[in-house]
Amino acid sequence: MAENGLKISVHFSGGAELLFNKVKEHEVVLPNNANPWNIKRLLVWIRDNLLKERPELFMQGESVVNWNMKYKKMTALCLSQLFMEGSRFKEFGKM
């Protein structure tokens, strides 16, 4: 864990990188705070801090946009791997 937050790597592919200024990989430090990080909070943080255009193509309400089942499964797999590695992501199932 970084001194001033939780350092993670965020990867976008399958066209999603176009929403993030055509950058596929982002190294970011999530700020420390009293509440543990979960997927819902991470998605909002990504939307507010990394997303460059067309937020309606990234999120609908409080969830990611369902492009199709293939990308949804790949996204779920990648997010679950990310959260299994991060010890501060304790509320994985509470969205």
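The present account deals with the structure reproduced in this document. What you are looking at is a predicted structure, and each value in this text was computed from that prediction instead of being measured. (Residues numbered from 1 in each chain as written. Predicted model: local features only at pLDDT ≥ 70, side-chain atom pairs only at ≥ 80, totals over all residues. Heavy atoms only, no water.)

### Observations concerning the nonpolar core
Counting 19 residues, the largest nonpolar core has Phe20, Leu30, Ile46 and Phe58 as its most contacted members. For this core, the secondary-structure elements that each account for two or more residues are strand 1 (5–11), strand 2 (25–31) and helix 1 (39–49). (Core = buried A, V, L, I, M, F, W, Y, C linked by side-chain atoms within 4.5 Å. Buried < 20%, exposed > 50% of the residue type's maximum accessible area, 1.4 Å probe, protein only. Helix = DSSP H or I, 4+ residues; strand = E, 2+ residues; numbered from the N terminus.)

### Side note on unusual backbone geometry
A negative phi angle characterises most non-glycine residues, just as the trans form characterises most peptide bonds. You will see that Lys22, though not glycine, has its phi angle at about 60°, which is positive. Tracing the chain through its elements places Lys22 in the loop between strand 1 and strand 2. Although it is not a glycine, Arg54 adopts a positive phi angle of roughly 50°. The topology assignment puts Arg54 in the loop between helix 1 and strand 3 (59–60).

### Comments concerning the pattern of salt bridges
Applying the stated criterion across every chain yields a total of two salt bridges. Across the salt bridge formed by Arg47 and Asp48, the nearest N and O atoms sit 3.0 Å from each other. What makes Arg47 partly exposed here is its relative accessible area of 28%. Relative accessible area serves as the criterion here: at 52%, Asp48 is assigned to the exposed category. The closest approach of N and O atoms between Arg54 and Glu56, which form a salt bridge, is 2.7 Å. (Salt bridge = Lys/Arg side-chain N within 4 Å of Asp/Glu carboxyl O.)

### Description of the environment of Val28
Position of Val28 relative to the elements: it lies in strand 2. By relative accessible area, which is 8% here, Val28 ends up buried. Taking the C-alpha atoms as reference points, Val28 and Leu6, 22 residues apart in sequence, are found 8.2 Å from one another. Those residues in contact with Val28, other than ones at most four positions away along the chain, are Leu6, Lys7, Ile8, Val10, Trp45 and Leu50. (Contact = heavy atoms within 4.5 Å.)

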